[in-house]
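Secondary and tertiary structure notes
Take a look at the letters that make up each chain.
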Amino acid sequence: MSSLPDETTIAAFGRGRSDSCGPSSSKACREKLRRDRLNDRPPKTDKAAVLSDAVRIVTQLRTESHNLKDSNSRLKEKNKDLK
């Protein structure tokens, strides 16, 4: 069996990043580590997009809540009629 990693292992761990750069390492190595850390962060979204998504979700939830309340009222009336 080969000691080389297979393609899925490489894909799971990304590029072969070496964190062997220490505090006394070269400026290029430290800069690469800084860029790698920045690239690992999730992308930031703008406030307008976040707010518009929140408004859309709240509106959907209010509509769903209203529909469920109506359905509950109808079921309560049917339950009374059955008694």
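If you're wondering where the values come from, they're calculated on a predicted model, not measured in any experiment. (Residues numbered from 1 in each chain as written. Predicted model: local features only at pLDDT ≥ 70, side-chain atom pairs only at ≥ 80, totals over all residues. Heavy atoms only, no water.)

Right, let's talk about the overall build of the protein for a bit. Helix and strand counts for the protein come out as three helices and zero strands. Scanning the protein from its N terminus toward the C terminus, one meets helices and strands in the order α-α-α. Expressed as a percentage of the 83 residues in the protein, the buried residues total 5%. In the form shown here, the protein has an accessible surface area of approximately 8,100 Å², with 58% of it arising from carbon and sulfur atoms. (Helix = DSSP H or I, 4+ residues; strand = E, 2+ residues; numbered from the N terminus. Buried < 20%, exposed > 50% of the residue type's maximum accessible area, 1.4 Å probe, protein only. Areas by Shrake-Rupley, 256 points an atom, 1.4 Å probe, with all protein chains shown as cover.)

In this section: the pattern of salt bridges. A full pass over the atoms with the stated rule returns four salt bridges. A salt bridge links Arg-34 to Glu-31; its shortest N-O distance comes to 2.7 Å. Placement of the pair is Arg-34 and Glu-31 together in helix 2 (residues 27-40), with a separation of three residues, close to one helical turn. Between Glu-31 and Arg-35 there is a salt bridge; the shortest N-O distance is 3.9 Å. (Salt bridge = Lys/Arg side-chain N within 4 Å of Asp/Glu carboxyl O.)

Tracing the backbone shows Asp-36 in helix 2. In this structure the side chain of Asp-36 is engaged in a polar contact, spanning 2.8 Å, whose partner is the side chain of Lys-32. (Polar contact = N/O pair within 3.5 Å; in protein donor to acceptor, adjacent residues only side chain to side chain.)

Scored by pLDDT, the protein comes out at a mean of 79, with 71% of its residues at no less than 70. The element-level mean pLDDT for the protein is lowest in helix 1 (residues 7-13), coming to 49, with helix 3 (residues 47-82) highest at 94. (pLDDT = per-residue confidence, 0-100.)

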